[in-house]
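Notes for the structure review
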Amino acid sequence: MADQDSAMSDADKIRAKRLAKLGGNAVTGGSAQTSSPSAASPSPASNPPEKQPAPPPAQSSPQQSESSTPNPFSQLGMASEPKSASRITIKPKATASTNDSPQRQPPTRAQPESMEIWEDRTLSAIFRFTLDRENARDAHGHQLYYLSGVRSDLEDEDKVLRLTTDVLDQAILETASGQAFGKPLEYMLSCWKRASRMFRGMHNKNEPKYQAIKEARRLCFSYCIFAATLPDMFGEEASAGNLLAEYFLADPECDRGICHDFLAEAVARFNDDDSVKELLVGAAEQLSDQLGKLSMNDDYKPYIMAFRNMVRYQPLLIALAQSPNFVPAGMEAQHIESRTLLGPFFRLSPMQGEVALNYFSSPTTRDKGYIANSQKALRMTLQTHQDELLDITNCFVKAKDSREKILDWFAFTVNANHKRRALQVDPKKVSSDGFMLNVTVVLDRLCDPFMDATFSKIDRIDPDYFRRAPRVRIDDETKINADDKASEAFYAVKADGVNNFISEVFFLTVAAHHYGTEATNTKLSHLQKDVKWLEKQLAKMEVERHKFAQNPAQLAVFEAHVKKVKDQIEKGHCTILATQGVLLDDVSQARSMQFMRYVIVWLLGLVSPGFPKKHLDLPLPDEQPTPFKSLPEYFLEDIVDNFKFITRYMPHIVTSTQCKELVQICITFLRSSEYIKNPYLKSGLITILFHGVWPTYGKSKGILGDVLFADDFATKHLLHALMKFYIECESTGAHTQFYDKFNIRYEIFQVIKCIWPNPIYRDNLGHEARVNLDFFVQFVNLLLNDVTYVLDESFTAFQQIHEYSKTLKNPPANWTPDQRTDHEEKLSGAQGRAKSYMQLTTETVAMLRLFTETLSDSFTMPEIVTRLAHMLDYNLEALVGPKKSNLKVENPEEYGWNPRQMLSEISEVYLNLKDKQRFVVAVGTDGRSYKAKHFTSAYDIMKRFALKSPEQLREWEVLSQAIETARLEAEAEEADLGEIPDEFSDPIMASLMEDPVILPMSKVTVDRSTIRSHLLSDPHDPFNRSDLKIEDVIPDTELKNKIEAWRAEKKSARLAALKAGVTQSEPTGADPGDPMDIS
């Protein structure tokens, strides 16, 4: 018994100490002297009655009935209704006039309730206990707990058996310890709800009732804290977790939920008792930890609601921001979303594997409508969740003391995830896609307030952000156009001042796009490739099934492996569909695009000060701004990747105002391409334009076509920009540069086709040919290289298809299965090459036709005309010559192959240049491919299939005759000259030089047109590989005079011989070639 008294004494001491800290009143003697038996063994009101002294009678009205049956309301301290001494008689309504009606009896009034009775009744209703053993339930039927211990103490002290605030402390402890209403904390929370509801109805602070409820409410909250922090005070075992956390998950309006009144009272006590702050922060940390183990398939909503309720209270929000779990030091990227305070809330996403499986079960068997509806539902769920995340984030941002902490958390997230943009990403070492996308979307929305249509706040984005203790780390990032040494030197010079909030959010959002949205796009493409590879492996495995049919054990292993692969494929498909559903959200992508528009204007303002208030002038200055050069490359990469995705998959969300800035940045950095070091970024700008002119619903020129076609800035600079990058992409530095250039040039051709109907662009092309001659010649030379290559590759592929198909139809009798498989693989390879090259061939030849139609003079310059003529002759021979049947394949439309259309296009180029004598001579002197009968065969085909109009056919005949005449004249001149001296012969072309020049390093003499043509493709001396420019060659005037004198001498001798009637013999070195077909 002594031990029990000692334990109770310790509990009293703890309680008294905590009450003192919570600001409680001194405990009265009656409340402190708790009876040991009653405290140790509390009993509910329904227990058998013990012999106790009767309580004093309650006050009643003088008219109280003398009946021996007690009034139950008087037991609760309520005054009884007064009785009327007269008998009530019900009579019908009188029919007499109103003047004769009897006088109405005045209504009776209830006797006013005393403060003592009200206090007893109210405390009993709030805490649901009673001092009356017979009163087991209140007026509403709720069970009441019988306070035997409190009653015993009151009787010992000879006090009135009535509940007051003086005995409330002891009564609460006795009831909670008895656990008749469940756990002490749950009981106290329900009492708190009732006390708070009653307190809200009190308005007169000077009224005794107000003070009584206020004290009851204060004690109630204090015991809530005791129950959560000192459970052993109520006879419970101490818990390792936070006891309050689970009650945050309940509805705040229900008895066991944490309501707003509770949180308001809690934060009001933060300064007086640190344990309250620790309790609530601990509850938030425990909820966060629990949520980290859940997904959207689970009941996660209560956790979100609980946390949103917490952050509504600024003192609690600041305490949460100061938690060691908010931004823990040294945490690895993969743990941020599960071990930081905010991480689990941002982690929730339908892109999680198990959630994606729930949305898209059996994805390969579902129709498009089901997939679309599932993705729509997924987006709606995610949008709601992201709205809640934004609400939580805004609470932290609005409070000054927590704003820096939330910015630190975002910076910690993006800085730790740099590896998400690595070539090989280990998903176990970085944050998940869903987590990073949620971070990106919330940051996008934080930018909304300063992203107005007039860019009025764009000056607040500080270019010196990275020179002023930035949160975003860029040490290991590639810079736009500065090497590491230059950028380090620039950032080593620190700027004064501090970064403003707009700059912080802007730079954080750019980084989040890079490591979030764009990294997810990249991962999606890789995942699609992986799933395709798995599907191919599964197909191969299914073929091998028969090998294990006779061995059950091996068959079981085989089946298990097949199932594993199938499960991987299904999960991959579900993840792909979920990711696409998230990325193709119109709302989030429109917001993302709006942010990228701001990034575009800000970047253009760096390279062209004053923009957008001033016009953008091109080309940009030669001196590049250091802040721009030293920016991370991902500033441009984010723009390129974002708009490549949108213009390809979601062009309908692009607005007309956004189109203009998008066109401006593409043209600016293609026109002044030296501002960007990475050729991939420049090719990305071409891809944006290409996707922008692709026809979409309601727009035949695409979303950018109208701007490119008619905008003044575009008409002035676009064509030169496209031609410039057409030249630059010849060498990108990548190991795939040879094939990359064809893809880039194909996209350039599509843009040119879109704008070509505008005569301004044709005039601009003529201007380039006149003003920038070398630039234009280089462009045309590369165009001819491409035409030559793609035509040759296409025709070679068709010849191979023809041969392989012919062999497979009639295979040799001794063929083995392996030989047949080898031929089938070769045929498949040739078919693939034919498809890829034929599309590029069609576009390249079409461009050549358009350009020769506009600028015939430029295509007949000495540096170009010979190559152009020989290329045309070679391909005309392939189309109409004796081996044309080798190009015949089955189903040519599968490859986009139309030989008649190709003949029409090539013949159009001939006709475009028909009036240029230099071209006519170049065709006629092509000893390798030119034959007059090819022109005759082409005429017959074009006439038979009506490929040309009658007028064009007549022009073709005239051209054929002119070319043949030029061939005969050239042969005659060659015969007159005879053998060319070695010193007059071009060492590369083995032809007579007309304008000899000396190469400065090798000292070799070549013809000017020969070396100019060579330098168009290779800027080196062909004899010693030293660097060489056409401006460096030295005219050999003396040799030129000798050549002219020698030619004059030969002509004079020829004329003299003719006059003398001397007949010269046929030159032995001439090749008469095939006889002319004049049929």
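Up top you'll find the structure we're talking about.
Conventions adopted
Residues numbered from 1 in each chain as written. Predicted model: local features only at pLDDT ≥ 70, side-chain atom pairs only at ≥ 80, totals over all residues. Heavy atoms only, no water. Helix = DSSP H or I, 4+ residues; strand = E, 2+ residues; numbered from the N terminus. Salt bridge = Lys/Arg side-chain N within 4 Å of Asp/Glu carboxyl O. Buried < 20%, exposed > 50% of the residue type's maximum accessible area, 1.4 Å probe, protein only. Phe/Tyr/Trp six-rings, centres within 6.5 Å; stacked < 30°, edge-to-face > 60°. Lys NZ or Arg CZ within 6 Å of the ring centre and 35° of its normal. Patch = residues over 30% accessible without salt bridge, like charges linked within 9 Å, V, L, I, M, F, W, Y side chains within 5 Å. Areas by Shrake-Rupley, 256 points an atom, 1.4 Å probe, with all protein chains shown as cover. Lys, Arg positive; Asp, Glu negative; His and termini not counted. Charge placed at Lys NZ, Arg CZ, Asp CG, Glu CD. Polar contact = N/O pair within 3.5 Å; in protein donor to acceptor, adjacent residues only side chain to side chain. Contact = heavy atoms within 4.5 Å. 1 Å grid on protein atoms, 1.4 Å probe; cavity = no way out; pocket = protein on both sides within 12 Å on 5 of 7 lines; lining within 4 Å. Points joined across faces, edges and corners; volume = space filled by probe spheres on them.

**Focus on the environment of Pro609**
Structurally, Pro609 can be placed in the loop between helix H25 (586-607) and helix H26 (626-629). In the structure, Pro609 is positioned 16 residues away from Pro625 in sequence and 9.9 Å away in space, judged by C-alpha atoms.

**So, the pattern of salt bridges**
For the structure shown, the criterion picks out 49 salt bridges. In this structure, the salt-bridge partner of Arg308 is Glu388, at a minimum N-O distance of 3.9 Å. Within this pair, whereas Arg308 is found in helix H13 (residues 301-311), its partner Glu388 is found in helix H18 (residues 368-398), the two being separated by 80 residues in sequence. Residue Arg308 shares its accessibility class with Glu388, and that shared class is buried. Between Lys724 and Glu674 there is a salt bridge; the shortest N-O distance is 3.1 Å. With Lys724 in helix H31 (residues 712-728) and Glu674 in the loop between helix H28 (656-671) and helix H29 (679-692), this pair connects stretches of sequence that are 50 residues apart. According to the relative accessible area criterion, Lys724 is buried, its value standing at 18%.

**Some points on the packing of aromatic side chains**
Summed over all chains, the structure comprises 56 aromatic pairs. Here Phe346 and Trp409 contribute two aromatic rings whose centre-to-centre distance is 5.0 Å and whose plane-to-plane angle is 45 degrees, an arrangement assigned as tilted. With a gap of 63 residues between them, Phe346 in helix H16 (residues 343-347) and Trp409 in helix H19 (residues 400-415) connect regions that are remote in the sequence. Owing to a relative accessible area of 0%, Trp409 belongs among the buried residues under this scheme. Put simply, the rings of Tyr465, Phe466, Phe490, Tyr491, Phe506, Phe507, Tyr515, Phe595, Trp602, Tyr634 and Phe635 pair up and form one aromatic cluster. The residue whose ring lies beneath Arg366 is Tyr370, and the NZ or CZ to ring-centre distance is 4.2 Å. Of note, Arg467 hangs over the ring of Phe490, and the distance from its end group to the ring centre comes to 4.7 Å.

**Quick word on a negative patch on the surface**
On the surface, Asp475, Asp476, Asp483, Asp484 and Glu488 cluster together into a negatively charged patch. Secondary-structure assignment places Asp476 in the loop between helix H20 (433-446) and helix H21 (484-492). Given a relative accessible area of 56%, Asp476 falls into the exposed group.

**Remarks on helix H6 (residues 148-156)**
With eight of nine residues buried, H6 is to be regarded as a mostly interior element. All of the buried residues along H6 are Ser148, Gly149, Val150, Arg151, Ser152, Asp153, Leu154 and Glu155. Looking one or two places after H6, you find Asp158, whose phi comes out positive at around 60 degrees.

**A word on the side chain of Arg467**
Looking at where Arg467 falls in the secondary structure, it is placed in the loop between H20 and H21. Looking at Arg467, its side chain comes within polar contact range of the main-chain oxygen of Val493, at 2.9 Å. Residues contacting Arg467, with those up to four places away along its chain left out, are Phe490, Tyr491, Val493, Lys494 and Ala495.

**Looking at unusual backbone geometry**
Pro612 follows Phe611 through a cis peptide bond whose omega is 10 degrees. Within the secondary structure layout, Pro612 lies in the loop between H25 and H26. Residue Pro619 is reached from Leu618 by a cis peptide bond, and omega for that bond is -5 degrees. Within the secondary structure, Pro619 is located in the loop between H25 and H26. Positive phi, close to 55 degrees, is recorded for Phe455, a residue that is not glycine. Using a relative accessible area of 9% as the deciding quantity, one classes Phe455 as buried. Residue Ala469 is not a glycine yet carries a positive backbone phi of 45 degrees. Its relative accessible area of 67% is what places Ala469 among the exposed residues.

**Here's the deal with empty space enclosed by the protein**
Under the definition given, this model contains two cavities of 30 Å³ or more. Taken as a whole, the largest cavity spans an internal volume of roughly 160 Å³. Surrounding the largest cavity, 16 residues form its lining, Leu437, Val441, Val582, Ser588 and Gln589 being those nearest its centre. Put simply, the parts of the chain that give the lining of the largest cavity at least two residues each are H18, H20, helix H24 (552-583) and H25.

Structural measurements only, silent on function.
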